[in-house]
Amino acid sequence: SHTSHLQKANAILECARGKNAVERCQMFMLAQHCTTPKHALVHTHTRSTDLAQSRPELCHCTNAAVIVGRRELTKGWFLARRAFLPSYDPFNDDERGTNL
C-alpha cells in the first residue's frame with residue numbers, strides 16, 4: 001500500500017536530514033563536536049531559533065565578504081560560499097543611492 005512507500009520515503013528523508021545537519025555543524029565553530037545525526041539535528045534546530053545568529057537558516061555565519069554589485073561582476077568566480085552577493089544595479093537607482 002501507499003503507507004509503506006510513505007514510511008520508506010520518510011526514513012530516507014530523515015537520514016538525509018541528519019547527514020546534512022552533521023555537515024552543517026562542521027562549519028560552525030562551536031559545533032564541530034556534533035558528529036552524530038541526532039546531536040547535529042538538535043544543535044542546528046537550536047541555532048535556527050537563536051536571534052544572535054545572523055540568518056542562521058541560510059548559513060550566512062560563514063561569510064567572509066559582501067560583494068555588492070551586478071551578478072556579472074562575480075560571474076565565473078568560485079567563492080566557496082564565503083561571500084554574500086546581494087544584487088545591486090546602480091542604473092536602476094537614483095543619484096542618492098536610495099536602493100542601497
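Along each chain, residue indices are assigned from 1 in the same order as the chain's sequence is written. The predicted origin of the model limits local features to residues at a pLDDT of at least 70 and limits the giving and counting of side-chain atom pairs to 80 or more, whereas totals for whole chains, interfaces and linings rest on all residues. Heavy atoms from the whole structure form the basis of all side-chain values; hydrogens and water molecules are not counted.

A.B. asks: Describe in detail the nonpolar core, supporting the description with residues and values.
C.D. replies: Buried residues of nine kinds, namely Ala, Val, Leu, Ile, Met, Phe, Trp, Tyr and Cys, make up a nonpolar core once their side-chain atoms join them within 4.5 Å. The buried label goes to any residue with under 20% of its type's maximum accessible area, the exposed label to any with over 50%, and the partly exposed label to all in between, with areas taken from a 1.4 Å probe on protein chains only. Ala21, Val22, Cys25, Phe28, Ala31, Cys34, Ala40 and Leu41 together form the largest nonpolar core, which totals eight residues. Going along the chain from the N terminus, every DSSP run of H or I of four or more residues is numbered as a helix, and every run of E of two or more is numbered as a strand. Within the residue set of this core, elements represented by two or more residues are helix H1 (2-25) and helix H2 (37-48). Ranked by residues supplied to this core, first place goes to H1 with three residues. Two residues form a contact once any of their heavy atoms are found within 4.5 Å. For Ala31, the residues in contact, after removing those within four places along its chain, are Cys25 and His43.

A.B. asks: Go over H2 with me, naming the residues and quoting the values.
C.D. replies: A helix is expected to reach a length of 1.5 Å times the quantity of its residues less one. Across its twelve residues, H2 extends 16 Å between first and last C-alpha, which sits within 8% of the 16 Å expected from 1.5 Å per residue. Listed as buried for H2 are Ala40, Leu41, His43, Thr44 and Arg47. The buried residues of H2 all sit within an arc of 165° when viewed along its axis, so they share a single face. The outward face of H2, more than 90 degrees from its buried face, is lined by the exposed residues Lys38, Val42 and His45. For H2, the secondary structure elements touched by its buried residues are H1. Here, the arc refers to the directions that run from the helix axis to the C-beta atoms.

A.B. asks: Which residues make up the packing of H1 against H2, and what values do they have?
C.D. replies: Contact geometry for H1 and H2: axes closest at 8 Å, N-to-C directions at 70°. With respect to each other, H1 and H2 are oriented roughly perpendicular. The two elements H1 and H2 meet at a crossing, and its hand is left-handed. Contacts between H1 and H2 pair Glu14, Arg17, Gly18, Ala21, Val22, Arg24 and Cys25 from the former with Pro37, Ala40, Leu41, His43 and Thr44 from the latter. Only Asp, Glu, Lys and Arg are considered charged, only Ala, Val, Leu, Ile, Met, Phe, Trp, Tyr, Cys and Pro nonpolar, and every remaining residue, Gly among them, polar. Residue classes in the contact of H1 with H2 are distributed as six nonpolar, three polar and three charged. Every angle, taken between N-to-C directions, lies between 0 and 180 degrees, and every axis is a line fitted to C-alpha atoms, over only the stretch in contact when it is a helix. Angles below 35 degrees are treated as roughly parallel, those above 145 as roughly antiparallel, those between 65 and 115 as roughly perpendicular, and all remaining angles as oblique. The hand of a helix crossing depends on one turn: near helix anticlockwise from the far one by less than a right angle means left-handed, and clockwise means right-handed.

A.B. asks: An account of the pattern of salt bridges is needed here, citing residue identities and associated values.
C.D. replies: Within this document, salt bridges are pairs made up of a side-chain nitrogen of Lys or Arg and a carboxyl oxygen of Asp or Glu, the two lying within 4 Å of each other. Per the counting criterion, the structure on display carries two salt bridges. Arg17 is paired through a salt bridge with Glu14; the nearest N and O atoms lie 2.7 Å apart. Of this pair, Arg17 and Glu14 both sit in helix H1, three residues apart, which is roughly one turn of that helix. With a relative accessible area of 41%, Glu14 lands in the partly exposed category. Between Arg70 and Glu72 there is a salt bridge, and its shortest N-O distance comes to 3.7 Å.

A.B. asks: Provide a residue-level description of a nonpolar patch on the surface, including the pertinent values.
C.D. replies: Together, Val66, Val68 and Phe84 make up a nonpolar patch on the protein surface, roughly 250 Å² of accessible area in all. Exposure remark for Val66: the relative accessible area of 53% places this residue in the exposed category. In this scheme, patches are assembled from residues that exceed 30% relative accessible area and form no salt bridge. Like charges are connected within 9 Å, while nonpolar side chains (Val, Leu, Ile, Met, Phe, Trp, Tyr) are connected within 5 Å. To measure how exposed things are, a 1.4 Å probe is used in the Shrake-Rupley method; for residues, cover is taken only from the protein chains shown.

A.B. asks: Requested: an account of the state of the cysteines, with residues and values cited.
C.D. replies: When two cysteine sulfur atoms are found within 2.5 Å, that pair is recorded as a disulfide. Applying the stated criterion across every chain yields a total of zero disulfides. In this structure Cys34 is not part of a disulfide, and its nearest cysteine sulfur, from Cys25, lies 4.2 Å away.

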